[in-house]
Each structure stands twice: as structure tokens, then as C-alpha cells.
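Letter by letter, the chains look like this.
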Amino acid sequence: MKRKFRTALWIFLLLVGVGGFAAWKNWHDRYVWPGPVASMQDLPPLDRSGWPKQPVAWKSAVVQTGVATPDGMKKVPITYYTNSIGLVLVRIEAGSFLMGLTEQQAVRLHTPNLPGHRVTLTKPYFLGAFEVSNKEYELFDPAHKKKRPKYQRRRGGENHPVEPVTWQEAQKFCRWLSAKEGRVYRLPTEAEWEYACKAGTETRLYWGDAYWDGNKANVAGLKWDHETWIMDGFEYTAPVGTYPPNPWGLYDMIGNSWEWCSDWFSRYKAEPAVDPQGPAKGHCRVYKGGGWSTRQYSIKSAVRDGDDPADLPDIRGFRVLCEAN
């Protein structure tokens, strides 16, 4: 009897030790090791010397669009702006929102590390209606076509979200587009991204709480779990815009490809904030939204993570923000 007790005790201590080590390693990799990573660092200050004297004109069109809301699908007029390379954007007005989870959501989802806090954004901006596609990104970097994942090399892959791309490569694309058009393009801050994703909602997802709805986002495409990905028909990424947009006309804010934000990754703060930019330095950059392999029970508009510095080749995409003049 004593031998069985000792064996059970050792197994328990081993499990506690393994769990403790995993938690420590997660913290250590994010905040301590291995130090600054080149492809996570800021670019030099913006140089506008070669920009056009006047910003390149955009086209605009009002489109009656079926959007996903907590009250079901609705038709609403969305004004879409198309830039010089065919990239489509939506104007996002200034406002305030609850960033993170409501108190009830945090308790129900056992996620105390995403406390809801009031954030105010004082400036409007334009945000890409879609994730940047391979076709758009490869206008800047044609060599990327050889880097596409195998599942994006088949016909139609040019319309899938660009992957893999590092944080710095995403910023360089924004710099290239800025110089081409005479407008400031960049990655959105985490707050700007989440404000646009929620689009005025405070439910778990912009279409409500039905995280299991396989018709709203490209998630759960785990290769070994066909019972999940077969629901939406895509084992990996889907062409951008395949699923219905959020109430503000933005597509794939949940799922398909995790999206880089400009902020350094840091622990969430519960205090109210105005135009938060994130910490001045760090080891990892924030990415948002979940991806094609994210489990359905994990998705939410407030989901966030930071890239492991040792895992830069991992698949991440992005969408652009253009500052409103």
C-alpha cells in the first residue's frame, strides 16, 4: 500500500514539475531568451524624400454587403476604397471600446489574463478589408513565390493570405507601399486591430458566441483532425474573403492567418488607455485573430499571442493600416 502511495506521489510531483517547467519556459521564451531578434526590430525612421508630392488617388464604391453580426447575417452598405495595387481598405472612425474580455467572458472562458479595459482611439484610419494576399505581397517581393507553403502553390494560391512572412518583412511591405503612394502604411497597433475586429460588438466573436460555427471563419484545420476542418472545407488557408465579413465589412479578422500587429508583446494591463502603442521594447511582437489551425474553442475577438523568438519561420500573415490624412 505504501509503495502504491509513493508511486502515485512521484507521478503527481512529476506532472507538477513538467507543468511548472512548461509555464516557466513559456514566460522565459517570451520575455528573456534569446534576446533581441533582428527580424523583430523596428525599421529606421520613415524617409519621405522620394514620395509623390500628392498622395496617389484611390477609387471608392459603396457595396451592399452581407455581414456577420450577433443578430445574424445582415445587408449593410460598406464603402470600400481601392488603392493603386488593388488592395481594398475600409475607413474606421475614431471611438472607444472594451479591449479584452468582459468580466463574465473571462470567468466563463477561464481566461483571467485578458481583463477588459476601456480603450479610446482618437484618430480615424483605413484598414485592409482583407489580409494581404500572395499576389499583392509579391508585387513587392517576387522571390516570395518560392517560399509559399506547399498548400499555397497550387492553382489559386495567389489569392491566399501571404505566408510565411516575418514581422519586419510585413513592415517593409508597408514602407514600399507608402513610398509608392505617398501615404503612411504600417501595421496596426493591437488596439487598432481589436477595435476593428470587434466592430462595435462585445460578444465573444463579432458574429456572437457560436465559436463552433464553421461557416463564419477558417479555423480548426488541423491536418490530423478531419472532423474539424471538413466542416469549412479548408484544411489549410482559404482564399481571402471566402467567409462573411464582420459588421464593418472586414474579412477574415478571425481565422485563416494570424496577423502581425506593431506592438511588442507584453502582459495585459487592465487600466484604461488612449491610443496605446504597447511597450517601448520587448522580445516578441503581437499577433491577433487566430489562424487556420486554431482550435474552435480557442477563438475570440480578443485572442492574442506573441511569436516565440526561436520560431520565426512559423506561418503568420498581416493586413495593412493606412493613416487617414
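Preceding block: the structure.
Here's a quick rundown of the structure. Model, not experiment: these values are computed from the prediction.

### Side note on the packing of aromatic side chains
In step 1: By the definition in use, this model includes 20 aromatic pairs.
In step 2: Ring geometry for Tyr 81 against Phe 126: centres 5.2 Å apart, planes inclined by 80°, an arrangement best described as edge-to-face. One end of the pair, Tyr 81, is in strand β2 (residues 72–82); the other, Phe 126, is in strand β6 (residues 125–128), and 45 residues separate them in sequence.
In step 3: Of the residues examined, Phe 126 reaches a relative accessible area of 9% and is grouped as buried.

### Some words on the pattern of salt bridges
In step 1: Tallied over the entire structure, the rule returns 14 salt bridges.
In step 2: Across the salt bridge formed by Arg 186 and Glu 323, the nearest N and O atoms sit 2.9 Å from each other. Residue Arg 186 is located in strand β7 (residues 185–186), and its partner Glu 323 is located in strand β12 (residues 321–323); the two are separated by 137 residues in the primary sequence.
In step 3: Relative accessible area serves as the criterion here: at 21%, Arg 186 is assigned to the partly exposed category.
In step 4: One salt bridge connects Lys 198 with Glu 194, and the closest N-O pair in it is separated by 3.0 Å. Of the two residues, Lys 198 and Glu 194 are both situated in helix α5 (residues 190–198); the distance of four residues between them amounts to about one turn of the helix. We note that Lys 198, like Glu 194, is buried.
In step 5: Sharing partners across several salt bridges, the network here consists of Glu 190, Glu 194, Lys 198, Lys 288 and Arg 304.

About the cut-offs
- Residues numbered from 1 in each chain as written.
- Predicted model: local features only at pLDDT ≥ 70, side-chain atom pairs only at ≥ 80, totals over all residues.
- Heavy atoms only, no water.
- Phe/Tyr/Trp six-rings, centres within 6.5 Å; stacked < 30°, edge-to-face > 60°.
- Helix = DSSP H or I, 4+ residues; strand = E, 2+ residues; numbered from the N terminus.
- Buried < 20%, exposed > 50% of the residue type's maximum accessible area, 1.4 Å probe, protein only.
- Salt bridge = Lys/Arg side-chain N within 4 Å of Asp/Glu carboxyl O.

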